[in-house]
Protein chains: 2
Amino acid sequence: MTYNQLKLDNQLCFRLYTAARLITSSYTPYFKKFNITYPQYLVLMLLWEKDNCIISEITERLHLETNTITPLLQRMEKQGLILRQKSEVDNRRRIVSLTSKGKRLEEQMKEIPNCLAREIVDNGMNVEELQNMIPLLDKFILTIKEK
Amino acid sequence: MTYNQLKLDNQLCFRLYTAARLITSSYTPYFKKFNITYPQYLVLMLLWEKDNCIISEITERLHLETNTITPLLQRMEKQGLILRQKSEVDNRRRIVSLTSKGKRLEEQMKEIPNCLAREIVDNGMNVEELQNMIPLLDKFILTIKEK
DNA sequence: TCATATACTATCGTATGCGATTAAATTCAA
DNA sequence: TTGAATTTAATCGCATACGATAGTATATGA
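Every value quoted in this text rests on a predicted model; they were computed, and no experiment measured them.

Student: Would you mind showing me how to read the relation of the copies chain B and chain A here?
Tutor: Between chain B and chain A, which share one sequence, the superposing operator has a rotation angle of 180° and an axial displacement of 0.0 Å; the RMSD is 0.0 Å. Overall, the copies show the geometry of a two-fold rotation axis. Here 100% of the interface residues in chain B have copies in chain A that are interface residues too; the copies meet face to matching face.

As structure tokens, this is what we get:
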């Protein structure tokens, strides 16, 4: 790295920070009618794939801590999207499951990622370029997690 | 896109969201002795490049709104890093400038991005791979902003 | 078995982000 | 020139993030 690392334009981190915020807020209009947020959508996606998760599965999968996930799940429970039940086997654990309302959202929201991808491609980003980002980000995330 | 878009592992957005949070929190230990946060660091970088900015320059450059920037700057002023002065010429505007304390931080913090980059490279990510991400993210950000 | 360690989740405090609205100063147009 | 439009920034409310700590249940080992 030979350029000046202290310039905003040279910082990878600033780009990631910006890209993440902008793409997340691009989701927001699609979520509006369902009254959910992007992190809540992540939890739903996780549960649509595998229902009845315990908190630690959710925190590991989303790379978030309980101090973020617990209140988030409490809000989702209040909205009737999920249930948070104590495990019979191990009373420390809490099992998170979809309500019928939460399950129904899968069908209703399934086109959202495609809509968004189409928007982005229509605005000039190639599918290939988008797909090139995937393995780079995966390696990046893995590298940082290993620290 | 032929794969199931509703799986967490298939989502570019989730990767960006995760990568941004993880790299930001990798900065945190370096910031600790200066008692600043990552968004505050962004403001400092911007002012080190060009002092005496007005609020709208900061919001445009960082792609953030005043409802984020104003309180952030108020906290930075309280810490003695910056001044927020009304413009004489146009009383709607507020000019943000570095204090001597804020200026001194540039020298003290200049090695942080290199340290972090070194950490990442030492953990297996190539410099080339990091640099490949830059133009992809730039195009991605531009594409979303144009929507 | 029973004290200690570990696992699991929740809570607290503070700093962002952001949609929505408000407030104040300047510009502009009839 | 003066009232409406525009520009600029601040405020409000709510939902994350996250470091630090607390609380409770299970596991473990002497």
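Still to come is the rest of the account.
Student: Explanation requested: the protein's contact with DNA strand C in the structure shown.
Tutor: Around DNA strand C sit 26 residues in total, of which A:Y17, A:T70, A:R94, B:T37 and B:N67 are the nearest. The sugar and phosphate moieties of DNA strand C supply 67% of its atoms located within 4 Å of the protein. A distance of 2.7 Å separates a phosphate oxygen of DNA strand C from a polar atom in the side chain of A:R21. A distance of 3.2 Å separates a phosphate oxygen of DNA strand C from a polar atom in the side chain of A:R93. Tallied by class, residues from the surface near DNA strand C come to seven nonpolar, ten polar and nine charged.

Student: So what exactly am I meant to see when it comes to the state of the cysteines here?
Tutor: In a disulfide, the sulfur atoms of two cysteines are held together by a covalent bond. Overall, the coordinates contain zero disulfides over all chains when judged by the stated rule. With no disulfide of its own, A:C53 has B:C13 as its nearest cysteine by sulfur position, at a separation of 20 Å. On the accessibility criterion, A:C53 (2% relative accessible area) is buried. This cysteine, B:C115, is not joined by any disulfide, and A:C13 carries the nearest cysteine sulfur, 14 Å off. Under the relative-accessibility criterion, B:C115 is labelled partly exposed at 24%.

Student: How do you make sense of the protein's contact with DNA strand D when you look at a structure like this?
Tutor: Around DNA strand D sit 26 residues, and of these A:T37, A:N67, B:Y17, B:T70 and B:R94 come closest. The share of sugar and phosphate among atoms of DNA strand D within 4 Å of the protein is 69%. Contact distances for DNA strand D include 2.6 Å between a sugar or linking oxygen and a side-chain N or O atom of A:R75. B:Q74 has a polar side-chain atom sitting 3.1 Å from a phosphate oxygen of DNA strand D.

Student: Before we go on, may I ask you to explain the sheet that holds strand β2 (residues 82-86) of chain B in this structure?
Tutor: Hydrogen bonding along the main chain pairs the strands of a sheet, whether they run parallel or antiparallel. All names here are of chain B. Pairing in this open sheet of three strands is antiparallel, and the strands run β1-β3-β2 from one edge to the other. Unpaired on one side and paired on the other, β1 (53-54) and β2 mark the two borders of the sheet. Sheet topology places β1 next to strand β3 (residues 94-98); two bridges connect them, and they run antiparallel. Paired with I54 across the two strands is I95, which belongs to β3.

Student: Whenever I open this one, the pairing of strand β3 (residues 94-98) of chain A confuses me. Can you help?
Tutor: Note on strand geometry: in a regular strand, side chains alternate between the two faces of the sheet. Two elements, strand β2 (residues 82-86) of chain A and β3(A), share five bridges in a ladder whose sense is antiparallel. Looking at the pairing, A:I82 lines up with A:L98 of β3(A).

Student: Please explain the pattern of salt bridges as it appears in this structure.
Tutor: Opposite charge on two side chains makes pairing possible when the charged atoms of those side chains draw close. One pass over the structure, following the stated rule, counts 14 salt bridges over all chains. B:R92 is the partner of B:D90 in a salt bridge, and the nearest nitrogen-oxygen pair spans 2.8 Å. Judged by its relative accessible area of 72%, B:R92 is exposed. B:K110 is the partner of B:E107 in a salt bridge, and the nearest nitrogen-oxygen pair spans 3.2 Å. The class of B:E107 is exposed, set by a relative accessible area of 53%. One connected set of salt bridges, linked through shared partners, spans A:D90, A:R92 and A:R93.

Student: Any chance you could explain the interface of chain B and chain A here in plain terms?
Tutor: On the chain A side, the residues contacting the 65 residues of chain B number 65 residues. When chain B packs against chain A, close to 6500 Å² is buried across both sides, 71% of that on carbon and sulfur atoms. Our count for the chain B to chain A interface comes out at four salt bridges. For the salt bridge of A:E129 with B:K139, the shortest nitrogen-to-oxygen distance reads 2.9 Å. Joining chain B to chain A, the criterion identifies 14 residue pairs in polar contact (both at pLDDT 80 or more). Going through the elements one at a time, α1 (12-32), α2 (38-49), α3 (55-62), α5 (100-109), α6 (112-122) and α7 (127-146) of chain B are the ones with two or more residues in the side of chain B that touches chain A. In terms of residue count, the dominant contributor to the side of chain B that touches chain A is α7(B) (17 residues). A per-class count over the side of chain B that touches chain A returns 37 nonpolar, 13 polar and 15 charged.

Student: Whenever I open this one, the sheet that holds β2(A) confuses me. Can you help?
Tutor: With antiparallel pairing, the three strands of this open sheet are ordered in space as β1-β3-β2 (chain A). Two strands bound the open sheet, and with one partner strand each, they are β1 (53-54) and β2 of chain A.

Student: Where do I start with unusual backbone geometry in this structure?
Tutor: Residues apart from glycine generally show negative phi values, whereas peptide bonds are mostly found in trans. Non-glycine residue A:H63 carries a positive phi angle of around 55°. Among the secondary structure elements, A:H63 is positioned in the loop between α3 (55-62) and α4 (66-78).

Criteria and cut-off values
For every chain, the first residue of its written sequence is number 1, and the numbers climb from 1 along that sequence. Think of it this way: whatever chain is written first is A, whatever ligand is written first is 1, and the rest follow in order. In keeping with the model being predicted, local features are shown solely for residues with a pLDDT of at least 70 and side-chain atom pairs are shown and tallied solely at 80 or more, while totals for entire chains, interfaces and linings include all residues. Computation of side-chain values: all heavy atoms of the structure, hydrogens and water removed. Fitting of the copies onto one another was done by least squares over C-alpha atoms, counting residues only where both copies have pLDDT of at least 70. Whether two residues are in contact is decided by their heavy atoms: any pair within 4.5 Å suffices. Near, as used in this document, describes a residue that has one of its heavy atoms within 4 Å of the molecule or strand being considered. Residues adjacent in sequence count toward polar contacts only when both atoms are side-chain atoms; beyond that, a polar contact is any pair of N or O atoms within 3.5 Å, and within protein one must be able to donate a hydrogen and the other to accept it. Think of it as three bins: nonpolar holds Ala, Val, Leu, Ile, Met, Phe, Trp, Tyr, Cys and Pro, charged holds Asp, Glu, Lys and Arg, and polar takes everything else, Gly as well. For this text, the term disulfide refers to a pair of cysteine sulfurs within 2.5 Å. In this scheme, a residue with accessible area under 20% of its type's maximum is buried, one over 50% is exposed, and one in between is partly exposed, where area comes from a 1.4 Å probe on protein chains only. We treat two strands as partners when DSSP finds at least two bridges between them. Note on conventions: DSSP H or I runs of at least 4 residues are helices, E runs of at least 2 residues are strands, and numbering of each starts at the N terminus. For salt bridges, the criterion is a side-chain nitrogen of Lys or Arg within 4 Å of an Asp or Glu carboxyl oxygen. Buried area: the accessible surface (1.4 Å probe) lost by two parts on joining, summed over both.

Just distances and angles here, no functional claims.
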